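What the coordinates show
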Amino acid sequence: MTTHPISRRQFIRLSLLSSSAAVLAACGARPVEEAAAPAGAASAGEAVAAANAAATVLVGDVVGFTLASDEWPGRFGSVTFRLQQGTYRGEPIYYIRTDSSDLAFAEQNGLVHVPLLATAAGRGIAGSLYTFGGDRVPVLSSAPSDENYISLFQIKEVSGADSAADLSSAEAIEQAARDGNLTIAEQPVYVNYPVVKWPGGELAADTARDSYLGTGQLLGPVDVANRRVTFKLHECYPGSRYIVTDTSAAPMAPMMSIAAAPPSQGMVDAGGTDEIWVFANGVAGSGVMGFQPAIFDNRAGDAAWSPFWNHFTLKWKDDGAARVLSSSAEAREALDKGEVELFNGTPDSHPNGFVVNCPVPVLAENTFQA
């Protein structure tokens, strides 16, 4: 079997692993129930019900979820988040909170601890999220309407500001700092806060709810009045359920009905991504291309995992010999044996890859059946 040389990105990951345990308890993970899967579940429905009961919620802002539902024909579940409000250029903006590079911040705010997010430091990739303390909502430096939008923000604490001052935009805050009217303290904290509604737009909802992409990743309009937003919840290996929010591939974003976030491509060179393999053929299933669920290189919540996918596609050379692959080890073994072809991004985009932001709010046993 061919050995795979360690890459710069893998070296960064291993260094972070040595400095952080990143266990699920440290991420604020909580079991929904203590119930275990019943032995010998006889049907797919029973398996899903058992996995649903034993699932673990990783994100504190999750107010409800289901791994599957009879309310729609699509092979996905749903997850509802508590909506957070900020300000962008003087107008309200709404986002969800999923991940943090800093362990203490993750514990305090119910986020997944993702050390790899800190690899963005000093690279001009991340946006800025200005906090004031008290009841004043944060100010975000960018929105999906901007070419430089990315859901990765560095936390910047503002102090000494006049409560009556108009500080409703990043530009106004930075100018006030230059004028000596306030102080900005940049924190070594990077957070993944995908924006779902912004001035003039919001993530699209899927009304048919019969396919992975459909017309959007939301299952209904953003509910500002009740501060809720509900996403499709997709399955992947190993044991993770994820949402889809944005991609570095701006031309593909409209087709995927998600936000364009070109700067996230920089996370590849920074070492802040995790490999993901999707399937272009083989066993039919609930994956993005209509085949088996995707495979993460690492399980969500592990220190080497990141919600920023470095997207790859696997294609079986002999479609008739395809089988379900359920781990990165199995995917690499199939590659070593020459059973599958590897494409950077997709077969159409190869050799140009792209990044997709797919936070994991829930861990649950895999229930896919061929």
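Residues numbered from 1 in each chain as written. Predicted model: local features only at pLDDT ≥ 70, side-chain atom pairs only at ≥ 80, totals over all residues. Heavy atoms only, no water.

Focus: empty space enclosed by the protein
Selection criterion: Grid spacing is 1 Å over the protein atoms alone, the probe is 1.4 Å, and a cavity is where that probe fits but cannot get out, while a pocket is an open set with protein on both sides within 12 Å along at least five of seven lines and lining residues have an atom within 4 Å of a point. Grid points are joined across faces, edges and corners, and a volume is the space filled by probe spheres set on the points. Under the scheme applied, nonpolar residues are Ala, Val, Leu, Ile, Met, Phe, Trp, Tyr, Cys and Pro; charged residues are Asp, Glu, Lys and Arg; polar residues are all the others, including Gly.
Counted according to the given criterion, the structure contains one cavity of 30 Å³ or more. The calculated volume of the largest cavity comes to roughly 40 Å³. Looking at the largest cavity, the residues that line it are Tyr242, Val278, Phe279, Gly287, Val288, Met289, Gly290, Phe291, Gln292 and Ala294. Broken down by class, the residue content of the lining of the largest cavity amounts to seven nonpolar, three polar and no charged.

Quick look at helix α2 (residues 44–54)
Given 3.6 residues per helical turn, the α-helix brings residues three or four places apart onto the same face. The cut-off we apply is this: Buried, partly exposed and exposed residues are distinguished by accessible area as a fraction of the type maximum, computed with a 1.4 Å probe on protein chains only: under 20%, between the cut-offs, and over 50%, respectively. Each helix is a run of H or I in the DSSP string that is no shorter than four residues. Each strand is a run of E no shorter than two, and both are numbered from the N terminus. As used here, the arc belongs to the directions running from the helix axis to the C-beta atoms.
Within α2, burial applies to Val48, Ala50 and Ala51. End-on view of α2: buried residues confined to an arc of 165°, all on one side of the axis.

With respect to helix α4 (residues 170–178)
Put simply, the rule reads: The criterion used for residue contact is that any of the two residues' heavy atoms lie within 4.5 Å.
Regarding α4, the residues found buried are Ala170, Ile173 and Ala176. Along the axis of α4, the buried positions cluster into a sector of 130°, meaning they face one direction only. For α4, the elements touching its buried residues are β9 (127–131), β10 (139–140), β11 (152–159) and β12 (183–192). In the segment just after α4, glycine 180 is the residue with positive phi, at about 80°.

Things to note about unusual backbone geometry
The omega torsion of the bond from tyrosine 237 to proline 238 falls at -5°, within 30 degrees of zero and hence cis. In this structure, proline 238 sits in the loop between β15 (228–237) and β16 (240–242). Of note, the amide linkage connecting histidine 350 to proline 351 takes the cis form, showing an omega dihedral of 10°. Unlike most non-glycine residues, arginine 209 shows phi in positive territory, near 55°. Inspection of the secondary structure puts arginine 209 in the loop between β14 (201–202) and β15. The residue serine 257 is not glycine, and still its phi comes out positive at about 55°.

Remarks on the packing of aromatic side chains
Keep this limit in mind: Aromatic rings from Phe, Tyr and Trp, with only the six-membered ring used for Trp, were paired whenever their centres fell within 6.5 Å, and each pair was classed as stacked if the ring planes differed by under 30 degrees, edge-to-face if by over 60, and tilted otherwise. Comment: the charge-over-ring label is applied if NZ (Lys) or CZ (Arg) is within 6 Å of the ring centre and within 35 degrees of the ring normal.
All told, the structure shown has seven aromatic pairs when counted by the stated rule. Both rings, one in tyrosine 242 and one in phenylalanine 296, keep their centres 6.3 Å apart while their planes meet at 55°; by these two values the pair is tilted. With tyrosine 242 in strand β16 and phenylalanine 296 in strand β20 (residues 294–296), this pair connects stretches of sequence that are 54 residues apart. Considered together, tyrosine 242 and phenylalanine 296 belong to a single accessibility category, that of buried residues. Counting every residue linked through ring pairs, the aromatic cluster contains Tyr242, Phe296, Trp305 and Trp309. Stacked on the ring of phenylalanine 132, the Lys or Arg arginine 136 has its end atom at 4.7 Å from the ring centre.

What about the nonpolar core?
Here is the rule: The set of buried Ala, Val, Leu, Ile, Met, Phe, Trp, Tyr and Cys residues whose side-chain atoms join them within 4.5 Å is what this entry labels a nonpolar core.
Phe81 and Phe231 are the most contacted members of the largest nonpolar core, which totals 77 residues. No other element matches the four residues that β15 contributes to this core. Formed by 14 residues, the second largest nonpolar core is a distinct cluster that contains Trp277, Val283, Ala322 and Ala331.

Brief notes about the environment of proline 144
Note that proline 144 resides in the loop between β10 and β11. Note on proline 144: relative accessible area 15%, which makes it buried. Between the C-alpha atom of proline 144 and that of lysine 197, which follows or precedes it by 53 residues, the distance is 8.7 Å. With residues up to four places along the chain from it excluded, the contact list for proline 144 reads Tyr149, Val195, Trp198 and Ala259.

Structural notes on the confidence of the model for the protein chain
The test is simple: What pLDDT conveys is the predictor's confidence in a given residue, as a value from 0 to 100.
Of all residues in the protein chain, 89% attain a pLDDT of 70 or more, and the chain-wide mean is 90. Under a pLDDT of 50 for its full length, residues 1–41 has, in the predicted model, 78 contacts with residues more than four places off or in other chains.

A look at the pattern of salt bridges
In plain terms, the rule: Salt bridge, as used here: a side-chain nitrogen of Lys or Arg that lies within 4 Å of a carboxyl oxygen of Asp or Glu.
In total, this model carries ten salt bridges according to the counting rule given. Between arginine 82 and aspartate 61 there is a salt bridge whose closest N-O contact spans 3.1 Å. Taken together, the residues arginine 82 in strand β4 (residues 77–82) and aspartate 61 in the loop between β2 (56–57) and β3 (62–66) connect sequence positions 21 residues apart. Residue classification places arginine 82 among the partly exposed residues on the basis of a relative accessible area of 32%.

Overview of the layout of surface pockets
As a volume, the largest pocket reaches approximately 340 Å³. Taken together, the elements giving at least two residues each to the lining of the largest pocket come down to α2 and β15. Here the residues of the lining of the largest pocket are counted per class, giving nine nonpolar, six polar and four charged.

As for the pairing of strand β21 (residues 308–316)
Applicable threshold: A pair of strands is considered paired only if DSSP assigns at least 2 bridges between the two.
Among the nine residues of β21, eight are classified as buried, and the element is accordingly described as predominantly covered. One ladder, built from six bridges, connects strand β19 (residues 274–279) with β21; its direction is parallel. Of the residues in β21, the one forming a bridge with glutamate 275 is asparagine 310. Sheet topology note: the β21/strand β23 (residues 355–357) ladder contains three bridges and is antiparallel. Among the inter-strand pairings, phenylalanine 308 is bridged to a residue of β23, identified as asparagine 357.

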